[in-house]
Amino acid sequence: MDVWQTDYKDDPYQLKGITRQDFDAFESKHNLELPPSYRKIVQKQNGGMLQYNSVIGEGDILFPIDHLYGIGQPGLEDSPYLIKEWNLPQDILIFSGDGNAWFALDYSAGAPSVIYIEADTEEVIKVAPSFEAFLANLTYQDPGTEMDGGNWTKEEAEAIFSGQDEYLIEEVILDFAYTDDSQWYLGELLNLTEHSSPLVREAIDGVIGNEIEHYLHESQEETVKLLKKIINNLSRDSNGDIRRHMKELKERYTL
């Protein structure tokens, strides 16, 4: 299965190629066996951006995902650190994610299934019974259709953002996460970084973590400026998890 986005310039997740001996050394070091389907795709390219942006999980839940880790650092070798830093479940191997949500192989019951972990809520969701099934359910959702803030107009969103209903604000933030108008959206998020509700700021943290590659890839000066301002604001947030996540993003992307 060809999963990689091969025309992506300066892919931050793509590592140097590896050999069979590298696979064996990694498995021996961490006392686990990588899924054959993972070994197969990483032999072709050692991590990187995907040509997909979502995966269909159990119950037809749609999860955003745009990259997979390779073997090395940054990559699978970061898993033990992330588990300790974020107090995540043991017996897992993180293979995708940024800061507040991750995809992982769950080895707790033997042959690994794929799970999705929300750090803020500590929720663990089963995505697929195996990595092979996970790959089969990768999909591309057109940002120009149903994932483009379809429930509200921009004018309605702005009115909601200026209100006090934190749950509705969170819902609209997530609904517009794939809008084509990144500058408008990031401008609204920048204003909301000062919102009194932790729920609102956590929603912004999640969107930035999941979509930072998209915003940086746009390479529009104003978009990148807004992104940096949001990250700088959240770097001073009262929530320690948000501050740590922003620090990780700054270091990873040299912002």
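All figures in this text were calculated on a predicted structure; none of them were measured in a lab.

**Looking at the overall build of the protein**
1) Next: Of regular secondary structure, the protein possesses 10 helices and 9 strands.
2) Next: In terms of overall dimensions, the protein is globule-like: its C-alpha atoms have a radius of gyration of 18 Å, near the 18 Å expected for 255 residues.
3) Next: Across the 255 residues that make up the protein, the buried fraction comes to 53%.
4) Next: Put simply, of all contacts in the protein between residues at least 6 apart along the chain, 58% involve residues at least 24 apart.
5) Next: On the protein, roughly 12,400 Å² of surface is accessible, and the fraction owed to carbon and sulfur atoms is 45%.
6) Next: Here the protein contributes 20 positively and 48 negatively charged side chains, and the mean placements of these two sets differ by 10 Å.

**Quick notes on the sheet that holds strand β5 (residues 92-97)**
Each strand in a sheet pairs with its neighbour through backbone hydrogen bonds, running either in the same direction (parallel) or in the opposite one (antiparallel).
1) Next: Strand order in the open sheet formed by 4 strands is β5-β6-β7-β8, with antiparallel pairing between adjacent strands. The strands lining the two open edges of the sheet, one partner per strand, are β5 and β8 (123-128). Mean inter-strand twist for the sheet, computed between neighbouring axes without regard to direction, equals 35°.

**Considering unusual backbone geometry**
1) Next: P74 follows Q73 through a cis peptide bond whose omega is -5°.
2) Next: In this structure, N87 takes a positive phi of about 55° despite not being glycine.
3) Next: Following the sequence through the fold, N87 ends up in the loop between α3 (79-85) and β5.
4) Next: The phi dihedral of T254 is positive, around 50°, even though this residue is not glycine.
5) Next: Tracing the chain through its elements places T254 in the segment after α10 (240-253).

**Details of the packing of aromatic side chains**
When we look at a pair of aromatic rings, we describe it by the centre distance and by the angle of the planes.
1) Next: Per the stated rule, a full pass over the model turns up 12 aromatic pairs.
2) Next: For the ring pair W86 and W102, a centre distance of 5.3 Å and an interplane angle of 65° mean the geometry is edge-to-face. A residue pair is termed long-range when its members are at least 10 positions apart, and W86 in the loop between α3 and β5 and W102 in strand β6 (residues 101-106) qualify at 16 residues.
3) Next: Their ring planes at 35° and their centres at 6.3 Å tell us that F95 and F103 sit as a pair that is tilted.
4) Next: Judged by its relative accessible area of 1%, F95 is buried.
5) Next: Residue classification places F103 among the buried residues on the basis of a relative accessible area of 3%.

**Points about the sheet that holds strand β9 (residues 138-139)**
1) Next: Overall, antiparallel pairing links the 3 strands, which are arranged β3-β2-β9 in an open sheet. Either end of the sheet is taken by a strand with one partner, and the two such strands are β3 (62-64) and β9.
2) Next: The pairing of strand β2 (residues 54-56) with β9 spans 2 bridges and is antiparallel. Each bridged residue has a counterpart across the sheet, and for S54 the counterpart in β9 is T139.

**Here's the deal with the nonpolar core**
1) Next: Core analysis: the biggest nonpolar cluster contains 80 residues, and L34, F131, F134, I173 and I208 have the highest contact counts within it.
2) Next: Tallying contributions element by element places helix α8 (residues 198-218) first for this core, with 7 residues.

**A look at the pairing of β8**
1) Next: Judged from the 5 bridges that link them, strand β7 (residues 113-118) and β8 form a sheet pairing that is antiparallel. When the bridges of β8 are listed, Y116 appears paired with I125.

Criteria and thresholds
- Residues numbered from 1 in each chain as written.
- Predicted model: local features only at pLDDT ≥ 70, side-chain atom pairs only at ≥ 80, totals over all residues.
- Heavy atoms only, no water.
- Helix = DSSP H or I, 4+ residues; strand = E, 2+ residues; numbered from the N terminus.
- Rg over C-alpha atoms; globule rule 2.2 N^0.38 Å.
- Buried < 20%, exposed > 50% of the residue type's maximum accessible area, 1.4 Å probe, protein only.
- Contact = heavy atoms within 4.5 Å.
- Areas by Shrake-Rupley, 256 points an atom, 1.4 Å probe, with all protein chains shown as cover.
- Lys, Arg positive; Asp, Glu negative; His and termini not counted.
- Charge placed at Lys NZ, Arg CZ, Asp CG, Glu CD.
- Pairing = 2+ DSSP bridges.
- Axes fitted to C-alpha atoms, helices over the stretch in contact; angles between N-to-C directions.
- Phe/Tyr/Trp six-rings, centres within 6.5 Å; stacked < 30°, edge-to-face > 60°.
- Core = buried A, V, L, I, M, F, W, Y, C linked by side-chain atoms within 4.5 Å.

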